[in-house]
Amino acid sequence: MARSDDWLLRVDDLSVHFESSKGVAHAVDHVSFDIYPHETLALVGETGCGKSVTARSILRLVPEPPGSYASGSISLRNGDGSVTEILTATERTVRSIRGDRISMIFQDPGKALNPGLTIGRQLAEVFGEHRMSMILGNAGFDPEKPSRTATKIVQQRAGLLERGVYRLTHLRAPKALQKSIDDSVMEALADTGIPNPRKMLGSYPHELSGGMKQRVMIAQALACDPDLLIADEPTTALDVTIQARILDLIHEMQQRRGMAILYITHDLSLVRQFADRVAVMYAGRLAEIGPSAEVLASPQHPYTQGLLAAIPRPATPRGQLAAIPGTVPQLIDPPAQCHFASRCSFAAAACHEVTPQLLTIAEKRDVSCHRFDTASRIGVSPQDMPSAATLGGVASS
Amino acid sequence: MTLLSGSLAADFGGTTDAVVALHGVKVHYPVKEGVLQRVTGQVRAVDGVDLSIPRGQTLGLVGESGCGKTTLGRVIAGLVAPTGGDIWVDVDATQHSEIERLRGVATEDRSPEDQASWKSLESNHRLGSMSRDKQSRYRRNCQVVFQDAFSSLNPRQLVRDIVGRPLRVHKEASGEDLDRRVIELLERVGLDSQHLLRFPHQFSGGQRQRISIARALALNPEFVILDEPTSALDVSVQAQILNLLVDLQKDLGLTYLFITHDLGVVQHMSDRIAVMYLGQIAEYGPTADVFNSPLHPYSRILRDSNPTLEDSLDTVKWDLSGTVPNPVNPPQGCRLHPRCPVARAECGWSIDDVLTDAERNTPVVFETISRVERSSDFRATVSFSEPEQAKKFAKRIGSLAAHEALEQPIRLDDKLVEVSFNEVSEAQLQQLKDGRWSSCTRTQNLGALPEL
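Throughout what follows, the structure given in this document is the object of discussion. Because the structure is predicted, anything quoted here is derived from the model rather than measured. (Residues numbered from 1 in each chain as written. Chains lettered and ligands numbered in written order. Predicted model: local features only at pLDDT ≥ 70, side-chain atom pairs only at ≥ 80, totals over all residues. Heavy atoms only, no water.)

### A look at the interface of chain B and chain A
Okay, so step 1: Listed per partner, the contact involves 36 residues of chain B and 36 residues of chain A.
Okay, so step 2: Carbon and sulfur atoms make up 52% of the surface buried where chain B meets chain A, a total of about 3,200 Å² over both sides.
Okay, so step 3: On the chain B side of the contact with chain A, His268, Pro307 and Leu309 of chain B bury the most area, a combined 22% of that side's loss.
Okay, so step 4: Across the chain B-chain A interface, the total number found is 1 salt bridge.
Okay, so step 5: Among the salt bridges present, the one from arginine 318 of chain A reaches aspartate 271 of chain B, with a minimum N-O distance of 3.2 Å.
Okay, so step 6: Across the contact surface, chain B and chain A share 10 residue pairs in polar contact (both at pLDDT 80 or more).
Okay, so step 7: Mapped by element, the contributors of at least two residues to the side of chain B that touches chain A are helix H8 (235–252), helix H9 (263–269), helix H11 (297–305) and helix H12 (351–361) of chain B.
Okay, so step 8: Looking at the side of chain B that touches chain A, the element that brings in the most residues is H8 of chain B, giving 9 residues. (Contact = heavy atoms within 4.5 Å. Buried area = accessible area lost by both parts, 1.4 Å probe. Salt bridge = Lys/Arg side-chain N within 4 Å of Asp/Glu carboxyl O. Polar contact = N/O pair within 3.5 Å; in protein donor to acceptor, adjacent residues only side chain to side chain. Helix = DSSP H or I, 4+ residues; strand = E, 2+ residues; numbered from the N terminus.)

Next comes the structure, spelled out in structure tokens:
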């Protein structure tokens, strides 16, 4: 596949395996893609296709064991042009990247926020982890030589006793410190359009509505101006009316701050409005990747075609939705073949024997389907090949 | 604009026969507070719904989460007892007009014939007053498919027991006959006999929903309530389940009540839709008409916020502001007006609206309010601790759509602000055209949806 060189994040030949009692599950299977600065890449697929695992791998959040990175690399380009290899970096380096350069919004804001902490304290953790010197500086401390207790308070690690003693032994410092933390948190909250952020500081997550919780999550994720925001189905748990506003908010924040977004969803209709490029995943592999308008207008992989046809539209006669026959194959020790072959109407002998590679079929468009390949390249006889297809003329089954 | 009178319950959707007709159904849950658990308010989950479900058709029920659509479904299934109103089962048009007529006459004014006729209608058709026998027949006739196929199937029972249970309870089959019937049902929904002795965890989400559907069909019902049957499924599986539901409806002549928040699905599946907001029906009509030319701002907003793969009909998208009001104390007049983009004077502004607005948008002003003396929902004297803030409060009201609804100009007296609004009665669902119902006061006056 064709790849240009101005990427922000490069995922190269990534495979993630999970050990289970039944065998090794190939959750992500040789996946490669790039994310460029300021763009929105949508990662689309059905439940269990490996899209969330791919996203979590970028932050190295896949638990090891049972998970393991079987192959590949994930590289993040730094501001000075150097490159950080996320999968091989030290834990300390990865921690400094999480929440600062790459941050994530999770699917269910009700589960991702800590129910025992106030919103103010949860957001303060981000600043304590990544913006220590800024907080100390604003509070009138010397960021070069901070006192130990002050650092612990900023990091939200000081106990009640320690705070109490500090409050008694110092004059105005504790108040200035708390004000500096609160100001940063309130600014982050106000940025996402939360009315009355001061009141929000002392609220617990259960007091907020779903849409408000998701705004808090976004404020938390964007607190440190990340270069890449990973949004893992940020609106699945919300109503349509609120979904529209949250998506507008994420979009507006992107315009304002110029970050890149990796947007994970199962809803193709959101991709059309929201993403520059779309990558379609099926059973752990990339099926198709390209500009979203083009992919939705003329899908080339049979799976993308099936997925689009299955969405109810006003013009579809009732009861005649084009459902994809069959079910998603098992990911445990999969055979070397096209995973979609058993459900595909174009499938031929070659599809059951050889794993398809991502092929560039037009500018910026890659598809992994044998219909675009040649018999000689994959080493099978020509009569075993499925009927060839060309871009533009979408063959119908 | 002349309005056709009557209630939505009389709209039989072109047929003469309704599976269920609701008259002013209410479900209120008490809010209890304090050590003595005194009742301090009512959560109005469903607040006066009139509706008929025509036989052989699909009625879609849409709305945001918390609007009462699931509660309404449960009331119709007889799983929740309504706190007010009547549910009539299996009524045709003549019986229905009789019910309408008798409801209009006070009990003590009824002639002996009327009383006898009311009694016979009640004992034959009214859920709750029917004989045990009839009640049990209705329960067999009306089945529910629940939203979450993961929690609505008992994880410790085999498929044979789950699907066969309704047959056993109603003593329809036992032994080998039961197994045979269960296999028939499984084949009907696209599973087969090899799945008979498996547990629910051995199935995928789509297969579990098929098991739920098989269980609902076990007693040959006429009426199935589908409570978000596909919201937990992927699109490709959703398509399979929707196709199955349509096939079953064709083969068995089923009536569906399709409850969902997904407008694409409801547009595909239903003949008519009812849009719910805060426990009441905002709009009702044939699906295509409601989507193409909505007559209530809320339906328009729902349609506009729903992402589609095709270009939308209108370029200007309507948007909802604020959050869902508290159903314990719903807004006066039209329930949507505090969030509505086209709200005007007649929509029912009250004291609560300006206070909620102050709390949300000018918190500094709101915190200085020392007391609010209400003479009614529309009239109050608000006292502030600082005259400066009182001025700001009055100015804020002047900038809202609410100020058009003021009965007399705001009286500002140092720290006191006297506000009084025109009283507005609750918005009523009215028929605007044939088969099109809307509760928007402005639409009713204009005859069409107001311009933004």
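Now that the structure has been shown, we can carry on.
### Looking at the sheet that holds strand E13 (residues 416–420) of chain B
Residue and element names in this part refer to chain B.
Okay, so step 1: Across the sheet, 4 strands lie side by side as E10-E11-E13-E12; this open sheet has antiparallel pairing. Two strands lie at the open edges of the sheet, namely strand E10 (369–374) and strand E12 (411–413), each paired on one side alone. In this sheet, neighbouring strand axes are inclined to one another by 15° on average, regardless of whether the strands run parallel or antiparallel.
Okay, so step 2: As paired elements, E12 and E13 share 3 bridges and run antiparallel to each other. Pairing of aspartate 413 across the sheet is with leucine 416, part of E13.
Okay, so step 3: H12 contacts E10, strand E11 (379–384) and E13 of the sheet and is inclined by roughly 165° relative to E10. (Pairing = 2+ DSSP bridges. Axes fitted to C-alpha atoms, helices over the stretch in contact; angles between N-to-C directions.)

### Structural notes on the layout of surface pockets
All names here are of chain A.
Okay, so step 1: Taken as a whole, the second largest pocket spans an internal volume of roughly 690 Å³.
Okay, so step 2: Lining the second largest pocket are 22 residues, and of these Arg98, Gly99, Glu125, Val126 and Gln220 sit closest to its centre.
Okay, so step 3: Going through the elements one at a time, strand E6 (102–105), helix H4 (119–130) and helix H10 (210–222) are the ones with two or more residues in the lining of the second largest pocket.
Okay, so step 4: Here the lining of the second largest pocket gets 6 residues from one element, more than from any other, and that element is H4.
Okay, so step 5: Classifying every residue of the lining of the second largest pocket by side-chain character gives 9 nonpolar, 8 polar and 5 charged. (1 Å grid on protein atoms, 1.4 Å probe; cavity = no way out; pocket = protein on both sides within 12 Å on 5 of 7 lines; lining within 4 Å. Points joined across faces, edges and corners; volume = space filled by probe spheres on them. Nonpolar A, V, L, I, M, F, W, Y, C, P; charged D, E, K, R; others polar.)

### Description of the sheet that holds strand E2 (residues 38–54) of chain B
Residue and element names in this part refer to chain B.
Okay, so step 1: Strand order in this open sheet of 3 strands is E2-E1-E4, and the pairing throughout is antiparallel. Strand pairing shows two members of the sheet lacking a second neighbour, E2 and strand E4 (84–92), which therefore form its edges. Strand-to-strand, the axes of this sheet are offset by a mean angle of 15°, without reference to chain direction.
Okay, so step 2: Direction of pairing for strand E1 (residues 17–33) relative to E4: antiparallel, over a ladder of 7 bridges. When the sheet's bridge partners are listed, alanine 18 is paired in E4 with valine 91.
Okay, so step 3: Sheet contacts for helix H1 (residues 69–76): E1, E2 and E4; angle to E1, the most-contacted strand, approximately 120°.

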